[in-house]
Amino acid sequence: MGLGRQAERQNAMWISCDLIPKSRGHAFYDRLQSELTKSGFDRFAEDQCAPFYDKSRGRRSIPPGRYFRMLLVGYFEGIDSERGIEWRCADSLSLREFLLLDHTESVPDHSTLSRMRSRLPLEVHSQIFSFVLDLLTKHGLVKGERLGVDASTMEANAALKAIVRRDTGEGYNEMLRRMAKESGVETPTQDDLIRMDRQRKGKKLSNQDWKSPTDPEARIAKMKDGRTRLGYKPEHAVDLDTGAIVAAKVHHADQGDTATLPKTLDTASEQLEAIGKKPTESARCETVCDKGYFSRDTLKELDGSEWKTRIAEPKRKGLNWWHGDHEARRAVYNNRARIGSALGKAASRRRTELVERSFEHCLDRCGGMRRAWLRGVENLEKRYLIHVAGFNL
């Protein structure tokens, strides 16, 4: 065999499309494409988005199905930013085929994704999530009989050192310099400010006193790794029989588990109703949570409803005093009997496995959304819902 040598390139003036080299494509994207096409995903997305566009005039937008596909690619490829999604799709012939791009079409840029996200409301993204959930139901992957609920933390796209006071607008460093001058230090250095801040008594960062000027909806909270940052709180309701995420909500990071649980359960009830598996008082759905969700008021509210609670009870010394609240007493004792049974212990172990796995996939391993690049609860939840739909797929 003779040696092949690289010659100077001279592009042809015209070439037929069928002569352009094509890759075999990724097996996962090919299979996913066939499932989405067979289920009518693009027509469904266009029908949901049509009310938010003009019917007769204006430049045509990119197809909504392409927009949602690019957000799904963000999960599958572990890319957190929309600019990174654009670059990845432009580099891959397989992803171009997944986006249904013609040979002459370019990949939509990140600004196009941002404009479509701001134009389309949260309800449209929720409908796409429901469509994927219905697709899973047709394959028998959603039972709706046992749900595990838990929450995690997501770092916001805002710097903690840039926070300002809500009442005066004074920054944190400005406050330290003012306090240093009041204590007699005329020209404090940055090291002096750090040392004084570390040693002063009564130091605290309260969300009632401080806010971020760039992301007012972000809240000061402790992350899962122990750091104090501005963040959000994603919460999942996971089907314990299959591992599918039935509902995903993004809350303010300073809200407690007992405050966010009713909102997540309401969302789960709406999603289950959309796929024909809404729980009723006669066919109740088990709700399995850890001890962070334990509250007398929560148990009393859910007792006798469509949700059968199996919420772990924290150990406390001494006796329980009910002060005549017999409804709370009955709800706590019923919940205690359910979590102490063999089914309750098995469901608790199942919750620990599947719910934590969903956060590991969506935030760390695959999805890469532990650090958010968007601002605002609603804006972030739009992206996160499609992100979770990718997990379900």
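Quick caveat, the model's predicted, so the values are computed rather than measured.

A short note on helix 1 (residues 27-38)
No. 1: The end-to-end C-alpha distance of helix 1 is 17 Å, a good match for the 16 Å that twelve residues give at a rise of 1.5 Å each.
No. 2: Turning to helix 1, its buried residues number three or more, namely Y29, L32, Q33, E35 and L36. What you see down the axis of helix 1 is that its buried residues fit within an arc of 165 degrees, all on one side. For helix 1, the exposed residues set more than 90 degrees away from the buried face come down to A27, R31, T37 and K38.
No. 3: Contact partners of the buried residues in helix 1: helix 2 (41-49), helix 3 (64-76) and helix 5 (93-98).
No. 4: A positive phi of about 75 degrees marks G40, the residue just after helix 1.

A few points about the pairing of strand 1 (residues 146-151)
No. 1: Buried residues dominate strand 1, accounting for five of its six residues.
No. 2: Pairing of strand 1 with strand 8 (residues 285-289), which is carried by three bridges, proceeds in the parallel orientation. If you follow L147 over to strand 8, its bridge partner there is T287.
No. 3: Here strand 1 runs beside strand 6 (residues 228-239); their pairing, made up of five bridges, is antiparallel. Counted as the bridge partner of V149 is A237 from strand 6.

Let's talk about a negative patch on the surface
No. 1: A contiguous patch of negative charge, built from D266, E270, E273, D297 and E301, is present on the exposed surface.
No. 2: With three residues, the top contributor of residues to the negative patch is helix 10 (residues 257-274).
No. 3: The residue D297 is located in helix 11 (residues 296-302) in this model.

Brief notes about the environment of M175
No. 1: Relative to the elements of secondary structure, M175 occurs in helix 8 (residues 172-182).
No. 2: Not counting the four nearest positions on each side in its chain, M175 is found in contact with E170, R200 and W210.

Some points on the pairing of strand 8
No. 1: With respect to burial, strand 8 is a largely interior element, five of its five residues being buried.
No. 2: When strand 8 meets strand 9 (residues 307-311), the two strands line up parallel, connected through five bridges. Residue pairing across strands places C285 opposite W307, the latter belonging to strand 9.
No. 3: For the segment spanning strand 8, helix 11 and strand 9, crossover handedness is right-handed.

A few points about unusual backbone geometry
A negative phi angle characterises most non-glycine residues, just as the trans form characterises most peptide bonds.
No. 1: Phi angles above zero are rare outside glycine, and L100 is one such case at about 60 degrees.
No. 2: Looking at where L100 falls in the secondary structure, it is placed in the loop between helix 5 and helix 6 (110-119).
No. 3: One non-glycine residue, H323, lies in positive phi territory at about 55 degrees.
No. 4: Structurally, the position occupied by H323 is in the loop between strand 9 and helix 12 (326-340).
No. 5: Residue H323 is classed as exposed on the basis of its relative accessible area of 76%.

Some points on the packing of helix 12 against helix 13 (residues 342-365)
How two helices pack is summed up by the angle between their axes together with the distance between the axes.
No. 1: Relative orientation of the contacting elements helix 12 and helix 13 amounts to 75 degrees, with a least axis distance of 4 Å. Relative to helix 13, helix 12 is oriented roughly perpendicular. The segment helix 12 lies against helix 13, with R338, I339 and G340 engaging A342, G344 and K345.
No. 2: Of the residues in the contact of helix 12 with helix 13, the class split is two nonpolar, two polar and two charged.

Observations regarding the packing of helix 13 against helix 14 (residues 377-392)
No. 1: With their axes 10 Å apart at the nearest point, helix 13 and helix 14 run at an angle of 120 degrees to one another. Compared by their axis directions, helix 13 and helix 14 come out oblique. Taken as a pair, helix 13 and helix 14 cross one another with a handedness that is right-handed. For the pair helix 13 and helix 14, the contacting residues are S358, F359, H361, C362 and L363 in the first and Y384, H387, V388 and F391 in the second.
No. 2: Of the residues assigned to the contact of helix 13 with helix 14, the class counts are six nonpolar, three polar and no charged.

The rules behind the values
Residues numbered from 1 in each chain as written. Predicted model: local features only at pLDDT ≥ 70, side-chain atom pairs only at ≥ 80, totals over all residues. Heavy atoms only, no water. Helix = DSSP H or I, 4+ residues; strand = E, 2+ residues; numbered from the N terminus. Expected span 1.5 Å × (residues − 1). Buried < 20%, exposed > 50% of the residue type's maximum accessible area, 1.4 Å probe, protein only. Arc of directions from axis to C-beta. Contact = heavy atoms within 4.5 Å. Pairing = 2+ DSSP bridges. Patch = residues over 30% accessible without salt bridge, like charges linked within 9 Å, V, L, I, M, F, W, Y side chains within 5 Å. Areas by Shrake-Rupley, 256 points an atom, 1.4 Å probe, with all protein chains shown as cover. Salt bridge = Lys/Arg side-chain N within 4 Å of Asp/Glu carboxyl O. Lys, Arg positive; Asp, Glu negative; His and termini not counted. Charge placed at Lys NZ, Arg CZ, Asp CG, Glu CD. Right-handed = clockwise from strand over helix to strand, strands pointing away. Axes fitted to C-alpha atoms, helices over the stretch in contact; angles between N-to-C directions. Parallel < 35°, antiparallel > 145°, perpendicular 65-115°, else oblique. Nonpolar A, V, L, I, M, F, W, Y, C, P; charged D, E, K, R; others polar. Left-handed = near helix turned anticlockwise from the far one by under 90°.

In short, the description is geometric, and any link to function would need to be established separately.
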